[in-house]
Amino acid sequence: MPARTILVINCGSSSIKFALVNPAQAQFALSGLAERLGSPDAQVHWQQGASKQHLALPAADHRAALAQLLPLVQSAAGGQLHGIGHRVVHGGEHFTAACRLDPASLSVIRATAPLAPLHNPANLLGIEAAFKLFPDLPQVAVFDTAFHQTLPEHAYRYALPEALYREHGVRRYGFHGTSHRFVSQRAAELSGLAVAASSWLVAHLGNGCSTCAVVNGQSRDTSMGLTPLEGVVMGTRSGDVDPNLHSHLARTLGWSLEQIETLLNNNSGLLGLSGLSNDMRSLEQAREQGHPGATLAIEVFCYRLAKSLAAMSCALPQLDGLIFTGGIGENSPLIRSKTVAHLRLFNLALDQQANARTIAGLAGPIQAAGHPRVLVVPTNEERQIALDSLALLN
Ligand code: ADP
């Protein structure tokens, strides 16, 4: 294997997703997930070539799990590991691109933690563990927010007193930037357009969901805001609600801030609406059997998604295409079809056969003949993180 391999690490509060990426190769040399870290059920699953394995790691924390992975990573990389790329959720206004991790950049990431209390501390756990285990390898942070630092001020400011922005950083930041960037570049390639002269609407639909307007390779607006809660309906997150909901729940039900945060982040979205699941596959199956909650959840999801895409169009000079990505966007003809049906005024329409067959990792156009382009583009955040890391390290 050529000496261009990056270990990509994405740490959550109790999980580590990892991949060994050589951008010259389509497949990852190694990929996997350590989950339920810190609990008696902690375990790690990984795939190397066609072989899939798992190992129980009772009570392992992030560092113990990474230490277990170390020999595996080194042997899969064949001694050619070039560096480590970490996904970091929030870079605030400080980071407009990936950065080399050193004591100065780490202290800025730590200082940004109040903006992302659920995410940045978990990302830092992974970074600190990796520095201890791989002291000689250069490490890079790639931020979810960085791609959106090109938003114009009228798109990133809330209609709130200026002091909240200037003194406390209260503004819209946006997330999923690595994915929006990757798929909009791929869409331009697939369509024979120059990235620097193309305009896209992007729907990233995974467990978290967001929309983005990408013009000439830059983000011009996006649906997530100060935190990843704003915007469209997600697996367990509500997306937009009336901001007075907080005080309403506190006054009428006596709920605490923690209860309200848990409601909006963990018990809402598809899960809350359906009363059944946060998983779109399960909801589609339940809808087929007539489950009213699943049916409603899918209707609200698609309508609000279409509304968000229509809103994003305000940032585009022209529409070169609508891109679907993420687990739902890449695999659900139903969600794509229902969403596009709400966008009749944009003259969007799908070729139902192309829509049905473009699933499971396939990329390509799915619009009906004579209608604006609609593309399915599988995202690959790990690959983009590896590319960004290599670009910086070279
Ligand atoms: P994450 O944001 O955690 O990376 P993914 O991008 O993997 O999540 O997306 C997970 C979502 O994709 C889940 O709601 C899952 O049900 C949905 N999904 C995956 N495959 C399908 C499918 N064939 N049909 C509908 N939804 C699917």
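Conventions we followed
Residues numbered from 1 in each chain as written. Predicted model: local features only at pLDDT ≥ 70, side-chain atom pairs only at ≥ 80, totals over all residues. Heavy atoms only, no water. Core = buried A, V, L, I, M, F, W, Y, C linked by side-chain atoms within 4.5 Å. Buried < 20%, exposed > 50% of the residue type's maximum accessible area, 1.4 Å probe, protein only. Helix = DSSP H or I, 4+ residues; strand = E, 2+ residues; numbered from the N terminus. Contact = heavy atoms within 4.5 Å. Expected span 1.5 Å × (residues − 1). Lys, Arg positive; Asp, Glu negative; His and termini not counted. Salt bridge = Lys/Arg side-chain N within 4 Å of Asp/Glu carboxyl O. Polar contact = N/O pair within 3.5 Å; in protein donor to acceptor, adjacent residues only side chain to side chain. Pairing = 2+ DSSP bridges. Near = heavy atom within 4 Å. Areas by Shrake-Rupley, 256 points an atom, 1.4 Å probe, with all protein chains shown as cover. Nonpolar A, V, L, I, M, F, W, Y, C, P; charged D, E, K, R; others polar.

Undergrad: Which residues make up the nonpolar core, and what are the values?
TA: If you look at the biggest cluster of nonpolar residues, it comprises 38 residues, and the most contacted ones within it are Leu205, Met280, Phe301, Leu322 and Ile335. If you list the elements that add at least two residues to this core, you get strand 9 (199-205), strand 10 (209-215), helix 10 (280-288), helix 11 (292-312), strand 12 (321-325), helix 13 (333-341) and strand 14 (374-376). Here the element with the most residues in this core is helix 11; it accounts for nine residues. Once you skip the residues sitting within four places of it in the chain, Leu205 turns out to touch Phe301, Leu305, Phe324, Thr325, Gly326, Gly327, Ile328, Gly329 and Ile335. Formed by 29 residues, the second largest nonpolar core is a distinct cluster that contains Cys11, Ile16, Ala29 and Leu70.

Undergrad: Report on helix 6 (residues 177-191), specifying residues and quantitative values.
TA: Relative to the 21 Å expected for 15 residues at 1.5 Å per residue, helix 6 spans 21 Å between its end C-alpha atoms, a close match to the ideal helical length. With respect to burial, helix 6 is a largely interior element, eleven of its 15 residues being buried. Those residues of helix 6 that fall on the buried side of the exposure criterion are Gly177, Thr178, Ser179, His180, Arg181, Phe182, Val183, Ser184, Ala187, Ala188 and Ser191. Following helix 6 by one or two positions, Gly192 has its phi on the positive side, about 70°.

Undergrad: Which residues make up the side chain of Glu330, and what are the values?
TA: Looking at the element boundaries, Glu330 is found in helix 12 (residues 326-331). Here Glu330 occupies a buried position and makes no salt bridge, while the nearest side chain of opposite charge, Arg336, is found at 8.1 Å. Here the side chain of Glu330 touches Thr379 through a polar contact of 2.9 Å, landing on its backbone nitrogen. Setting aside anything within four residues of it in sequence, one finds Glu330 in contact with Thr325, Arg336, Thr358, Ile359, Ala360, Val376, Val377, Pro378 and Thr379.

Undergrad: Tell me about the pairing of strand 10, residues and numbers included.
TA: Taking burial as the measure, the seven residues of strand 10 include seven buried ones, the bulk of the element. Here seven bridges tie strand 9 to strand 10, and the two strands are oriented antiparallel to one another. When the bridges of strand 10 are listed, Ala203 appears paired with Thr211. In sequence, strand 9 turns back onto strand 10 through a hairpin of three residues. Counting the residues in the hairpin turn of strand 10 and strand 11 (residues 218-222) gives two residues, including Asn216, whose phi is positive at 50°.

Undergrad: Could you give me a rundown of the pattern of salt bridges, with the residues and numbers involved?
TA: Under the definition given, this model contains eleven salt bridges. A salt bridge links Arg181 to Asp388; the nearest nitrogen and oxygen atoms lie 2.4 Å apart. Remark: Asp388 occurs in helix 15 (residues 381-393) and Arg181 occurs in helix 6; sequence separation between them is 207 residues. When sorted by exposure, Arg181 lands in the same class as Asp388, which is buried. Between Glu299 and Lys338 there is a salt bridge, and its shortest N-O distance comes to 2.7 Å. Taken together, the residues span a long stretch of sequence, with Glu299 in helix 11 and Lys338 in helix 13 at a distance of 39 residues. A relative accessible area of 30% places Glu299 in the partly exposed class.

Undergrad: Kindly report on the pairing of strand 1 (residues 5-11), identifying the contributing residues and their values.
TA: Within strand 1, six of the seven residues are buried, which leaves it mostly tucked inside the rest of the structure. Bridging between strand 1 and strand 6 (residues 81-88) involves five bridges; their strand directions are parallel. Considered in strand 6, the bridge of Val8 is made with Gly85. Sheet topology places strand 1 next to strand 2 (residues 16-21); six bridges connect them, and they run antiparallel.

Undergrad: Please give an account of the site of the ligand that cites residues and values.
TA: Neighbouring the ligand are 14 residues, the closest being Asn207, Asp279, Met280, Arg281 and Gly327. Gly327 is positioned such that a nitrogen or oxygen atom in its backbone is 2.9 Å from an oxygen atom of the ligand. Within the contact set of the ligand, an oxygen atom lies 3.3 Å away from a backbone nitrogen or oxygen of Ile328. Alone, the ligand offers 580 Å² of accessible surface; in the complex the protein occludes 71% of this. Of all the secondary-structure elements, those providing two or more residues to the shell around the ligand are helix 10 and helix 12. Per element, the largest residue contribution to the shell around the ligand is four residues, and it comes from helix 12. Taken together, the residues of the shell around the ligand sort by class into two nonpolar, eight polar and four charged.

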